[in-house]
Amino acid sequence: MDGRKPTSKKTRKSSYGSSRRSILKKTFIQEQVTFTSQLSSDPHVGIIGGGMAGLLCASSLEKRGVKSTVFDTGIHGLGGRMGTRVIDPQPLIFDHAAQFFTVSDPRFSELVGDWLEKGLVRQWQGTIGELEVGGQFVPFPSSPPRYFGVNGMRSLADSILSQTCMVNVVRPCWISKLEPFNGMWHLSENGKPCGQFDIIVIAHNGKCANRLLASSGLPLVARQMKTLGLSSIWALLAAFEDPLPIPTGATSFEGAFVKGVESLSWMGNNSAKLLGSKSNSPHCWTFFSTAAYGKRNKVPQENIPTATAEKVKTAMLEGVEAALGLPKDSLQRPFYSRVQLWGAALPTNTPGIPCIFDPHGRAGICGDWLLGSNLESAALSGMALANHIADYIQSGGARPEEFALGLNNGFETLGGHDIGQFSGLESSTEANPIQAYQLST
């Protein structure tokens, strides 16, 4: 079967409240698409998702001579959770998702070395450690090195495809339907055709990816995506006129994993990290809640009620006071603040494989969650899937069974900090075999 004819008329848009049960039902009853026609002479790959995994998949495909188109929903830029928000006219600057990354794999190390040479990233020299409730701070050793995008994490994402010539980027675009027909995948956004592709890559996750796959004709791929569990985490961006007070006797720090405060798991000083500690600009901090707090206070992230936003902001600022050992209501009020809910922040489980590929349906998945949850995992996943697809194309698709990958792998639980895992920066309370992860694509 080479698929059904794409629908021409605009279908009714599903409501926000599509239930997990209804998606699961669709996933398990759909018929497997099996392409039998030959691949085109100049195959084109459609990549849905422009985070680190999708971007590295596209750039790696180009190195193998394969063209691709990346579809991303980002209004301000590419990067997914490699997000940086700049507020004019100050300007205020916040990395509001991925804060930094570490390196453990030689392949990723080579990539980071290239970024360093180009001046895209640099090492974060500021002190990072653990902050116990009440103000007790314990710094981490300076090794392993921590890295960040010099102009914010989003600038790194935007630079990845800057030297490519076989990659097309379409954004903002929210692919809402996948339809197989005549040996090709036809992609559309709310009834508007977005092109046809020999192979598709799903490089994002969460409820939107599940809905997209629920009636795609890829039941094995959909099942693996649906098995993924995701946490929810609140982010509070706050700018202060004066530096935050450092606990008596504590080392001055730029980033801290917070322990013992339910509404707070991380606090990071964007101004010190991105602009330098001697900067006279306002003090811009990113605060993250715990996953438990995020779960208990979860709302539709596209439409956060004002009352909820105020409640979360108050609780997180009170958490900052508790973490620093300050009296209640003594913390200076930020002159700018914004809360954001990452409803699908971090994976809670993983199959521990680089990528997934269905050769009969000519579709694959890449993403950090397949290995853990960090920029390194995302990059390795994207590169792995690109090379797997290029090998499949090189084979002519004549031996599909040899290229099936990860369709039946089981999942194991992930542990670590609430905002992820970082190689060499493990909490004293965590015990987890998966390495090097953080909040990212």
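Residues numbered from 1 in each chain as written. Predicted model: local features only at pLDDT ≥ 70, side-chain atom pairs only at ≥ 80, totals over all residues. Heavy atoms only, no water.

- For the protein, an unreviewed UniProt entry supplies the name FAD/NAD(P)-binding oxidoreductase family protein and the organism Salix udensis.

1. Concerning the overall build of the protein
Right, so step 1: Each helix and strand counted, the protein has 10 helices and 22 strands in total.
Right, so step 2: Every one of the 441 residues in the protein was classed for burial, and the buried ones make up 58%.
Right, so step 3: Taking as baseline every contact in the protein between residues at least 6 positions apart, the subset at least 24 positions apart corresponds to 74%.
Right, so step 4: Counting every atom, the protein has about 18,700 Å² of accessible surface; 50% of that belongs to carbon and sulfur. (Helix = DSSP H or I, 4+ residues; strand = E, 2+ residues; numbered from the N terminus. Buried < 20%, exposed > 50% of the residue type's maximum accessible area, 1.4 Å probe, protein only. Contact = heavy atoms within 4.5 Å. Areas by Shrake-Rupley, 256 points an atom, 1.4 Å probe, with all protein chains shown as cover.)

2. Some remarks on the packing of aromatic side chains
Right, so step 1: Scanning the entire structure with this criterion turns up 20 aromatic pairs.
Right, so step 2: Geometrically, the ring pair formed by Phe253 and Trp285 is edge-to-face, given 6.3 Å between the ring centres and 80° between the ring planes. Note that Phe253 is positioned in the loop between strand S14 (233–240) and strand S15 (255–259) and Trp285 in strand S17 (residues 283–288), a separation of 32 residues in sequence.
Right, so step 3: Residue classification places Phe253 among the buried positions, given a relative accessible area of 4%.
Right, so step 4: Ring pairs connect the aromatic residues Phe100, Trp124, Phe140, Phe148, Phe257, Trp266 and Phe422, which therefore count as one cluster.
Right, so step 5: Directly above the aromatic system of Trp124 lies the positively charged group of Lys273, at a separation of 5.2 Å from the ring centroid. (Phe/Tyr/Trp six-rings, centres within 6.5 Å; stacked < 30°, edge-to-face > 60°. Lys NZ or Arg CZ within 6 Å of the ring centre and 35° of its normal.)

3. Considering helix H2 (residues 52–63)
Right, so step 1: Look at H2: 17 Å from first C-alpha to last across 12 residues, which is about the 16 Å you get at 1.5 Å a residue.
Right, so step 2: Every buried residue of H2 is accounted for by Met52, Ala53, Gly54, Leu55, Leu56, Cys57, Ala58, Ser59, Ser60, Leu61 and Glu62.
Right, so step 3: Following H2 by one or two positions, Gly65 adopts a phi angle in the positive range, close to 80°. (Expected span 1.5 Å × (residues − 1).)

4. Structural notes on the sheet that holds strand S21 (residues 363–365)
Right, so step 1: A sheet is described by the order of its strands in space; here six strands give the open sequence S9-S2-S1-S13-S21-S20, paired in mixed fashion. The sheet terminates laterally at strand S9 (167–170) and strand S20 (356–358), the two strands that pair on one side only. Pairwise comparison of adjacent strand axes, ignoring direction, gives a mean angle of 15° for this sheet.
Right, so step 2: Inspection of the sheet shows S20 paired to S21 by three bridges, in the antiparallel sense. For Asp358, the partnering residue across the bridge sits in S21 and is Ala363.
Right, so step 3: In the packing of H2 onto the sheet, contacts are made with strand S1 (44–48), strand S2 (67–71), S9 and strand S13 (199–202), and the angle to S1 comes to roughly 165°. (Pairing = 2+ DSSP bridges. Axes fitted to C-alpha atoms, helices over the stretch in contact; angles between N-to-C directions.)

5. Thoughts on the sheet that holds strand S18 (residues 336–342)
Right, so step 1: Read across the open sheet, the seven strands follow the order S7-S6-S15-S16-S17-S14-S18; overall the sheet is mixed. The open sheet has two edge strands, strand S7 (136–139) and S18, and neither has a second partner. Taking the axes of each pair of neighbouring strands and ignoring which way they run, one obtains an average angle of 20° across the sheet.
Right, so step 2: Bridge count between S14 and S18: seven bridges; the pairing is antiparallel. In the sheet register, Ala238 faces S18, and the bridge partner there is Ser337.
Right, so step 3: Contacting strand S6 (128–132), S14, S15, strand S16 (266–269), S17 and S18, helix H9 (residues 306–324) crosses the sheet at an angle of about 70° to S14.

6. Here's the deal with the pairing of S15
Right, so step 1: In terms of burial, S15 is largely enclosed, as five of its five residues are buried.
Right, so step 2: Neither face of S15 is left uncovered, since the one carrying Gly255, Phe257 and Lys259 and the one carrying Ala256 and Val258 both have all their residues buried.
Right, so step 3: Alignment of S6 against S15, held across five bridges, turns out to be parallel. Paired with Leu131 across the bridge in S15 is Val258.
Right, so step 4: For S15 and S16, the ladder comprises three bridges, and the chain directions are antiparallel.

7. A few points about the nonpolar core
Right, so step 1: Within the largest apolar cluster, 65 residues are counted, with the highest numbers of intra-cluster contacts made by Ile47, Met52, Phe101, Trp115, Val201 and Ile389.
Right, so step 2: Of all elements in the fold, only S1, H2, helix H3 (106–117), strand S8 (147–149), helix H4 (153–160), S13, S14 and helix H10 (375–395) reach the threshold of two or more residues within this core.
Right, so step 3: Discounting chain neighbours no more than four positions away, the residues touching Val201 are Val45, Gly46, Ile47, Ile48, Cys57, Gly364, Cys366, Leu385 and Ile389. (Core = buried A, V, L, I, M, F, W, Y, C linked by side-chain atoms within 4.5 Å.)

8. A closer look at the pattern of salt bridges
Right, so step 1: A complete count under the given rule lists 10 salt bridges for this structure.
Right, so step 2: For Lys273, the salt bridge identified is with Asp95, shortest N-O distance 2.8 Å. Remark: Asp95 occurs in strand S4 (residues 92–95) and Lys273 occurs in helix H7 (residues 270–275); sequence separation between them is 178 residues. Asp95 carries the same exposure label as Lys273, and that label is buried. (Salt bridge = Lys/Arg side-chain N within 4 Å of Asp/Glu carboxyl O.)

9. Notes on the side chain of Lys313
Right, so step 1: When you line up the elements, Lys313 lands in helix H9.
Right, so step 2: No salt bridge is formed by the buried Lys313, whose closest oppositely charged neighbour, Glu310, lies at an N-O distance of 4.6 Å.
Right, so step 3: The contacts of Lys313, once residues within four sequence positions are left out, are Leu236, Arg333, Ser337 and Val339. (Lys, Arg positive; Asp, Glu negative; His and termini not counted.)

10. Structural notes on the environment of Ser155
Right, so step 1: Along the chain, the position of Ser155 falls in helix H4.
Right, so step 2: Overall, Ser155 belongs to the partly exposed group, its relative accessible area being 25%.
Right, so step 3: Sequence spacing of Ser155 and Thr84 is 71 residues, and the spatial spacing of their C-alpha atoms is 7.9 Å.
Right, so step 4: A polar contact of 2.6 Å, which involves the side chain of Ser155, links it to the backbone oxygen of Gly152. (Polar contact = N/O pair within 3.5 Å; in protein donor to acceptor, adjacent residues only side chain to side chain.)

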